[in-house]
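Residue-level structure breakdown
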Amino acid sequence: MASGDDDDPIIEEIDVYLAKSLADKLYLFQYPVRPSTMTYDDVNHLTAKIKPKQQRVELEMAINTMSPNYCRSKGEQIALNVDGTTYDETNTYSAKMMDKQTFSSIQATTNTSRYAAAVFRKGELHVTPLQGILQMRPSFTYLDKADSKNREREAANEGGDSSQDEAEEEAKAITVRFSRPESEQARQRRIQSYEFLQKKQAEEPWVHLHYHGVKDGRSEHERQYLFCQAMDTTENSELVKTPKEYLAMLMPPLAEEKVVKPVGPSNVLSMAQLRTLPLGDQVKTLMKNVKVMPFANLMGLLASGTDSTSVLRCIQQVALLVQGNWVVKSDVLYPKNSCSPHSGVPAEVLCRGRDFVMWRFTQERSVMRKEITAIIKLPPEDVKEFLEHMAVPRVNRGWEFLLPSDGDFIKKHPDVAHRQHMLWLGIQSKLEKVFNFSKDDFMPKNGPQPEPVHISGEQRLMAAQERARENQSSLQKDMSARKQGGRAGAGVHVKQEPFSDREDEPMDTSSPPSSSSILNGSVNGYPGATSPISDHTNGNGGSPATSPSPELRDFVSKTFRKHFVLTLSELKRLFNLHLASLPAGNSLFHTISDRLLQDTVLLSQCKQILVPFPAQTTAAPDEQKVFGVWETGETFDKHRRLLYELFSKNYRVRRNMVQARLAQEFGDDVPKADIDRLLKECCSSHGGMWYLKGTIQS
């Protein structure tokens, strides 16, 4: 190293200073259309103006019309074409001759952080960063003005022969149309358009400047700011670096360059970019663009080796199963706080309407557009968009589902199909309440009906006698067993009651037709008592034939601790949603009857509230079965029991009735917060009245 240093000795050291006085005002002008030997220093500068934000500069310079290289006739012709024969203050060339030219700037580079202007004086180098580098080129806007003048003259000549007494045009009706709400995609396209950029540039006002020549005193004064005003090293800390920092500046660490992705249409998807996303985002993006897809096609679009179980878990979060194919969920296409680009309908209403269309395709292959519109009552444009997402029009058949039914997927993944079926039952229950329809309304009424079989009275008698002879032996054995049990019981008589016919019937999640003939005191095999709340020992006089599993009891207990009051219909809906959220292959809740579910409720510290619904009620039987939390171990349980007592006498109450009943029991010092909490936990308000949750009549 020593020998190397001797071969390359240091000749001179130069101090470098950073001048900041003109750092945000210094521009470098370049004139690329003229050689460096032909400067404009001696040319008369008439005007100068700048737009600082756009870094756009315009200079007007005089032309030497007395030069032997100047063609006077051409200059006069250009002025005549631009300004015409009349004199006006707005004329471009007041001397009726092209005696000036305009230079307009363009940015040579947008990043000037690596450029600076340097001045060397007395062994010191003073560096000032550049704000911009501009190339000044001649502007030919006067030619555009000449073309517009020419078009005006031609238009005047064509319309000059028209007579002044020509009849006025007849009045025409004008149709007023309101512009549709602008979508986010349309707004982005508009912002990136050339017309919008030109408009934004034109909005910035010009700042007029005074030009000072190179030898002017003001220019000489400004040039002094190119030197550093503070020579102290503390003021130039940017240039004082340690060797390590200096090396880092010379050789910065490698950084991945940010690649600017081209802005493409919203319906164009780059598979290369798609593969870089997480699996859940890949599935969501594909479903959002394709709308309807079989599972096999989805696996083909994803990278090879992707786990199908993970894909199944992701697809169920963004899509629903319709005829064995996956259809993207409505809330993915219409996120919250958005609206329809056609009609401005809120996203919540759009999701309900599209869910109804999807549900109809779970029932049959084809639907009629008029039938859909009559129920969901949305604009035709939105209904058409729903159908185009998942169906194609067929002549005389309405709209047919886009893809054939994928029975192979249903056979291969029965657990997923079952979970999706339960989820659709919950959605159906919700849609029936919103749109006020029944599943039976869409059943075909003109299908082939089985012919009635006529059985005579004699045939019925013979069949009954035959059954009696077959059961005679078993009846005799039963009778003898009862007699022996009677002797052993020493006079104790046990009343034998048959179990309910609905003991082992699976839970029906559809809403049955409403009936006001069912008495509220005996609902689903639970006879009423003198108390307004039926105890779980009522009914058959014992525990249910099938004891509920710990998982079912845990679900019911947690659900009532969260909602406090539930109708049987709402509990079944929540239970279906819970089933749909279970992982694949779970078989804990396969056959749950209504009876078992109610028994589980009564075993979970809850009781049935016998609400006296009006005679003309439209509530379904499952909606008339109301259950409430009875015992949680809190002192607030007393408040709830008093509220249940009120609702056992009236199906709706006023707030002052609740307040008076609590004051009667606990005194007049019942806090307002306790009343608010009680009503919020157990009730819903409508029309100034309070109802138990789920009992408000639509």
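Worth saying up front: this structure is predicted, and the values here are computed from it rather than measured.

Right, let's talk about the confidence of the model for the protein for a bit. Looking at the protein as a whole, the pLDDT averages 79, with 77% of positions reaching at least 70. Here residues 162–167 is a poorly scored stretch, pLDDT under 50, and it has zero contacts once near neighbours within four places are set aside; other chains count. Below pLDDT 50 for its whole length, residues 486–506 participates in 19 contacts with residues either more than four positions away or in separate chains.

Structural remark: α-helix, 3.6 residues per turn; residues separated by three or four positions point the same way. The end-to-end C-alpha distance of helix α20 (residues 568–581), which contains 14 residues, comes to 20 Å, matching closely the 20 Å that a straight helix rising 1.5 Å per residue would cover. In terms of burial, α20 is a largely internal element, ten of the 14 residues being buried. Of all the residues in α20, the buried ones are Leu568, Ser569, Glu570, Leu571, Lys572, Leu574, Phe575, Asn576, Leu579 and Ala580. Where α20 is buried, its residues touch α17 (414–435), α19 (550–563), β19 (565–567), α21 (594–602), α22 (621–624) and β21 (626–629).

This paragraph deals with the packing of helix α23 (residues 637–647) against helix α25 (residues 672–682). Axis separation between α23 and α25 bottoms out at 11 Å; the angle between their running directions is 60 degrees. Between α23 and α25 the crossing geometry is right-handed. Contact with α23, carried on its side by His639, Arg640, Leu643 and Tyr644, involves Asp674, Arg677, Leu678, Glu681 and Cys682 of α25 and no other residues of that element. When grouped by side-chain class, the residues that make up the contact of α23 with α25 number four nonpolar, one polar and four charged.

If you walk across this open sheet you meet the three strands as β13-β15-β14, and the pairing is antiparallel. Of all the strands in the sheet, the pair left with one neighbour each is β13 (366–367) and β14 (391–394).

What follows is about a nonpolar patch on the surface. On the surface, a nonpolar cluster with roughly 490 Å² of combined accessible area is contributed by Tyr246, Leu247, Leu250 and Met251. Structurally, methionine 251 is set in the loop between α7 (243–250) and α8 (271–274). According to the relative accessible area criterion, methionine 251 is exposed, its value standing at 68%.

Axis separation between helix α9 (residues 279–290) and helix α11 (residues 308–318) bottoms out at 9 Å; the angle between their running directions is 50 degrees. With respect to α11, the element α9 is oriented oblique. Regarding α9 and α11, the two cross each other, and that crossing is right-handed. Between α9 and α11, the residues in contact are Leu279, Gly280, Val283, Lys284 and Met287 and Ser310, Val311, Cys314, Ile315 and Val318, respectively.

Cut-off values and rules
Residues numbered from 1 in each chain as written. Predicted model: local features only at pLDDT ≥ 70, side-chain atom pairs only at ≥ 80, totals over all residues. Heavy atoms only, no water. pLDDT = per-residue confidence, 0-100. Contact = heavy atoms within 4.5 Å. Helix = DSSP H or I, 4+ residues; strand = E, 2+ residues; numbered from the N terminus. Expected span 1.5 Å × (residues − 1). Buried < 20%, exposed > 50% of the residue type's maximum accessible area, 1.4 Å probe, protein only. Axes fitted to C-alpha atoms, helices over the stretch in contact; angles between N-to-C directions. Left-handed = near helix turned anticlockwise from the far one by under 90°. Nonpolar A, V, L, I, M, F, W, Y, C, P; charged D, E, K, R; others polar. Pairing = 2+ DSSP bridges. Patch = residues over 30% accessible without salt bridge, like charges linked within 9 Å, V, L, I, M, F, W, Y side chains within 5 Å. Areas by Shrake-Rupley, 256 points an atom, 1.4 Å probe, with all protein chains shown as cover. Salt bridge = Lys/Arg side-chain N within 4 Å of Asp/Glu carboxyl O. Parallel < 35°, antiparallel > 145°, perpendicular 65-115°, else oblique.

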